[in-house]
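# Working through the structure, step by step
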Amino acid sequence: MSATTHTRPPQATRGGADTRLPWWALALPVLAFVALLLLILNPADAHAAAEQPAITHLLERVEQLTAR
């Protein structure tokens, strides 16, 4: 019983990268960068920074539950 072997097709050679990105692949990182930059420039808008961090609250709650 002989098995057939599959050969790879010859690879096409291209003269450079011809990959196109969708419009949102550039727009979303730019939007995130601008939003973070605005928060850095005007920290008064960052209301969540004044409160206790959520991770600290979560860790305190876990500690209370495990102490019982």
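Residues numbered from 1 in each chain as written. Predicted model: local features only at pLDDT ≥ 70, side-chain atom pairs only at ≥ 80, totals over all residues. Heavy atoms only, no water.

### Description of the overall build of the protein
What the protein contains, in helices and strands, is two helices and zero strands. Evaluated residue by residue, the protein yields a buried proportion of 0% over its 68 residues. (Helix = DSSP H or I, 4+ residues; strand = E, 2+ residues; numbered from the N terminus. Buried < 20%, exposed > 50% of the residue type's maximum accessible area, 1.4 Å probe, protein only.)

### What to know about a nonpolar patch on the surface
A contiguous nonpolar surface patch, about 710 Å² in accessible area, is contributed by Leu26, Val30, Phe33, Val34, Leu37, Leu38 and Leu41. With respect to the secondary-structure elements, phenylalanine 33 resides in helix H1 (residues 24-41). Residue classification places phenylalanine 33 among the exposed residues on the basis of a relative accessible area of 57%. (Patch = residues over 30% accessible without salt bridge, like charges linked within 9 Å, V, L, I, M, F, W, Y side chains within 5 Å. Areas by Shrake-Rupley, 256 points an atom, 1.4 Å probe, with all protein chains shown as cover. Salt bridge = Lys/Arg side-chain N within 4 Å of Asp/Glu carboxyl O.)

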